[in-house]
Amino acid sequence: MKILVVEDDPTTGQYIARGLREEGHTVDHVADGRAGLVQATGADHDVLIVDWMLPEIDGLTLVQTLRGAGNRTPVLFLTAMGSVDDRIAGLNAGADDYLVKPFAFGELSARINALARRPRTLAQETVLMAGDLTMDLVSREVRRAGQKIELLPREFAILEHLLRRKGRVQTRTMLLESVWGISFDPQTNVVETHISRLRAKVDKPFDTELIKTVRGSGYRIEA
């Protein structure tokens, strides 16, 4: 899974991130609520782990803002705010689960896995489309004009990112953050290389080009 950890205590944040990565997850870690909001709205995550007492924007406001914007990513509150009233407030704000510090990492991991197993809401798309291209997120199958297209995991992730933002330009930085989890520019052509490979499979064998280059800006899938 791809997990976002919003935790301002560096020791706790690094402990969680390290443990989750050791379990095979991709982890983004930010230390304040404003950065958490940017990450949660700018990239696709499977689960959000959010502290309550955060600088810039507190966790409660962060979750309320996400839910108000239609973001339905599962949220686990991980906080020292442990009274019954606090739990009620957190769940009413839109959190899906609540774990009080201090905590056992094994329980945190189990709760995250339980959240990931919950059925997605009806509003969650399971098939993405653009023209004659379809991507089934459940079967992980991509087809164009009825023909099955075999994609490598990174290629699939890039195409999914573009399809979810159909018609909107996606910069190199956005793709690096979403697909590779890199929040800085490594000064390589890794994005360009993968886009080229993706085009060879998705566009080249067909009459119409779906993946457009917006010169000086980035890439987009035509709506």
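See the structure printed just above.
Read on for an overview of the structure. (Residues numbered from 1 in each chain as written. Predicted model: local features only at pLDDT ≥ 70, side-chain atom pairs only at ≥ 80, totals over all residues. Heavy atoms only, no water.)

1. A few points about the packing of aromatic side chains
Link 1 in the chain: Considering all chains together, one arrives at 4 aromatic pairs under this definition.
Link 2 in the chain: With a centroid separation of 6.3 Å and an interplanar angle of 50 degrees, the aromatic rings of Tyr15 and Phe103 are classed as tilted. Within this pair, whereas Tyr15 is found in helix α1 (residues 10-22), its partner Phe103 is found in the loop between β5 (97-100) and α5 (105-117), the two being separated by 88 residues in sequence.
Link 3 in the chain: Given the relative accessible area of 37%, Tyr15 is considered partly exposed.
Link 4 in the chain: Here the aromatic rings of Phe77 and Tyr98 are separated by 5.9 Å at their centres, their planes lie at 50 degrees, and the arrangement is tilted. Of this pair, Phe77 sits in strand β4 (residues 75-79) while Tyr98 sits in strand β5, placing them 21 residues apart in sequence. We note that Phe77, like Tyr98, is buried. (Phe/Tyr/Trp six-rings, centres within 6.5 Å; stacked < 30°, edge-to-face > 60°. Helix = DSSP H or I, 4+ residues; strand = E, 2+ residues; numbered from the N terminus. Buried < 20%, exposed > 50% of the residue type's maximum accessible area, 1.4 Å probe, protein only.)

2. Regarding the environment of Leu108
Link 1 in the chain: Mapped onto the elements of the fold, Leu108 is located in helix α5.
Link 2 in the chain: Separated by 32 residues in sequence, Leu108 and Leu76 have C-alpha atoms that sit 9.1 Å apart.
Link 3 in the chain: Residues in contact with Leu108, not counting those within four places in the same chain, are Ile16, Ile49, Leu76, Leu99 and Phe103. (Contact = heavy atoms within 4.5 Å.)

3. Re the sheet that holds strand β2 (residues 26-30)
Link 1 in the chain: Strand order in the open sheet formed by 5 strands is β2-β1-β3-β4-β5, and the pairing between neighbours is parallel. This sheet does not close on itself; its edge strands, each paired only once, are β2 and β5. Each strand axis lies, on average, 20 degrees off the axis of its neighbour in the sheet, ignoring direction.
Link 2 in the chain: In the packing of helix α4 (residues 84-92) onto the sheet, contacts are made with β4 and β5, and the angle to β5 comes to roughly 145 degrees. (Pairing = 2+ DSSP bridges. Axes fitted to C-alpha atoms, helices over the stretch in contact; angles between N-to-C directions.)

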